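Letter by letter, the chains look like this.
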Amino acid sequence: MTLEFRAAGAPLPLALKHLIVAGWTGRDAAAIAHHIEELAALGVPAPSRTPLYYRVSAPLLTMADRLEAVGGASSGEVEPLIVVANGKRYLGLASDHTDRALEAHSVAMSKQVCAKPCAAELWDWDEIADRVEEIELESWIEEDGTWVSYQQGTIASIRPLADLIEGSRIDELAAEGPVAMLCGTFGAKGGVRPAARFRMEMRDPATGRKISHEYATVTLPEVA
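Parameters and conventions
- Residues numbered from 1 in each chain as written.
- Predicted model: local features only at pLDDT ≥ 70, side-chain atom pairs only at ≥ 80, totals over all residues.
- Heavy atoms only, no water.
- 1 Å grid on protein atoms, 1.4 Å probe; cavity = no way out; pocket = protein on both sides within 12 Å on 5 of 7 lines; lining within 4 Å.
- Points joined across faces, edges and corners; volume = space filled by probe spheres on them.
- Helix = DSSP H or I, 4+ residues; strand = E, 2+ residues; numbered from the N terminus.
- Nonpolar A, V, L, I, M, F, W, Y, C, P; charged D, E, K, R; others polar.
- Salt bridge = Lys/Arg side-chain N within 4 Å of Asp/Glu carboxyl O.
- Buried < 20%, exposed > 50% of the residue type's maximum accessible area, 1.4 Å probe, protein only.
- Lys, Arg positive; Asp, Glu negative; His and termini not counted.
- Polar contact = N/O pair within 3.5 Å; in protein donor to acceptor, adjacent residues only side chain to side chain.
- Contact = heavy atoms within 4.5 Å.
- Pairing = 2+ DSSP bridges.
- Axes fitted to C-alpha atoms, helices over the stretch in contact; angles between N-to-C directions.
- Phe/Tyr/Trp six-rings, centres within 6.5 Å; stacked < 30°, edge-to-face > 60°.

**Student:** What is the right way to read empty space enclosed by the protein from this model?
**Tutor:** One way to see where empty space is left: roll a probe the size of a water molecule over the atoms. Under the counting rule described, the total for this entry stands at one cavity of 30 Å³ or more. Every element with two or more residues in the lining of the largest cavity is listed here: β7 (74–75), β16 (197–204) and β17 (209–220). Taken together, the residues that form the lining of the largest cavity break down as five nonpolar, five polar and two charged.

Structure (structure tokens):
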């Protein structure tokens, strides 16, 4: 499957070979503990170590504005997306949409069962590398017909992306073809919870550039 990315205004079609979801990537120990406690309230076991790099099927990354999930327990998380292709590195925007019910049994499996929505626009890594930690991320969810602020922070809140790039071996994997990695997120205001619609945005305060994406989640019946 080919994803029709854009970079610097030009088409950049990529057929991903590998997709990685980096988890537990908070830089602040207290923030990590808070996120672990937040998910523990949902029954999610603590990680064996931090960070962790979950490998999922590459076709899960999608630019669709609608995804389908079994049951009503899935939710999104705004995350920076690193893409490595053709010897170049890019920064994009994605949501680590996850089945929270399954997450209580296996985090790795919960990452695999949901599509990972992403924006089509990518920024050239070389253009923002010296200020990447200033990049702002924000998400909103629709509740009772109103958009509510859900997450907000900068990439400085996440473990240095250079560390995640090294730990994930993404550059080595890129020798086999294009690779993408979701890089972790922030705590949710009011706690992790599902919503019918999810909106996310990435902003570069130095230039005013923005990348955004919005999608709806359709709940499929959970048949036993």
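Now that the structure is up, let's keep going.
**Student:** Which parts of the structure should I look at to understand the pattern of salt bridges?
**Tutor:** It is possible for side chains bearing opposite charge to pair when their charged atoms get close. Counting across every chain of the model gives 19 salt bridges. For E77, the salt bridge goes to R100, with nearest N and O atoms at 3.1 Å. One end of the pair, E77, is in the loop between β7 and β8 (78–85); the other, R100, is in helix α2 (residues 100–103), and 23 residues separate them in sequence. For R100, a relative accessible area of 6% puts it in the buried group. Measuring nitrogen to oxygen at the nearest pair gives 2.7 Å for the salt bridge that ties E143 to R193. Pair noted here: E143 is in strand β13 (residues 136–143) and R193 is in the loop between β15 (179–182) and β16, with a separation of 50 residues, a long-range link.

**Student:** Honestly, the side chain of E79 in this entry has me stumped. Any pointers?
**Tutor:** Assignment of secondary structure puts E79 in strand β8. At 5.7 Å, K111 is the nearest oppositely charged side chain to E79, a buried residue that forms no salt bridge. Polar contacts involving the side chain of E79 include one to the main-chain amide nitrogen of G184, which spans 2.8 Å. If near-sequence neighbours (up to four positions away) are discounted, E79 is found in contact with A22, G92, L93, A94, D96, L137, L182, C183, G184 and T185.

**Student:** What should I look at first to understand the layout of surface pockets in this one?
**Tutor:** Looking at the largest pocket, its volume works out to about 310 Å³. Forming the boundary of the largest pocket are 25 residues, of which W24, T25, G26, H35 and T185 lie nearest the centre. At the level of secondary structure, the elements contributing two or more residues to the lining of the largest pocket comprise β3 (18–23), α1 (29–40), α2 and α3 (107–112). The dominant element in the lining of the largest pocket, judged by the number of residues it contributes, is α1, at five residues. When its residues are assigned to classes, the lining of the largest pocket shows nine nonpolar, nine polar and seven charged. Estimated volume of the second largest pocket: approximately 190 Å³. Lining the second largest pocket we find 13 residues, and of these A69, V70, G71, D99 and E222 sit closest to its centre. Of all elements in the fold, only β6 (66–70) and α2 reach the threshold of two or more residues within the lining of the second largest pocket.

**Student:** When you look at the sheet that holds β13 in this model, what are you seeing that I'm missing?
**Tutor:** Spatially, five strands are ordered β6-β17-β16-β13-β14 in an open sheet, and the strand pairing comes out mixed. The two strands at the open ends of the sheet, each matched to only one other strand, are β6 and β14 (146–154). Averaged over all pairs of adjacent strands, the angle between strand axes in this sheet comes to 25°, irrespective of strand direction.

**Student:** Please clarify how the packing of aromatic side chains should be interpreted in this entry.
**Tutor:** What characterises a pair of aromatic rings is the spacing of the ring centres plus the angle enclosed by the ring planes. By the definition in use, this model includes two aromatic pairs. A ring pair is formed by Y150 and F198, whose centres lie 6.3 Å apart and whose planes are at 85°; its orientation type is edge-to-face. Placement of Y150 in strand β14 and of F198 in strand β16 is noted, with a sequence separation of 48 residues between them. Across the pair, exposure class does not vary: Y150 and F198 are buried alike. Note on F198 and Y215: the rings are 5.5 Å apart at their centroids and 40° apart in plane angle, and the pair reads as tilted. Of this pair, F198 sits in strand β16 while Y215 sits in strand β17, and the two are 17 residues apart along the sequence. For the pair formed by F198 and Y215, the shared burial category is buried.

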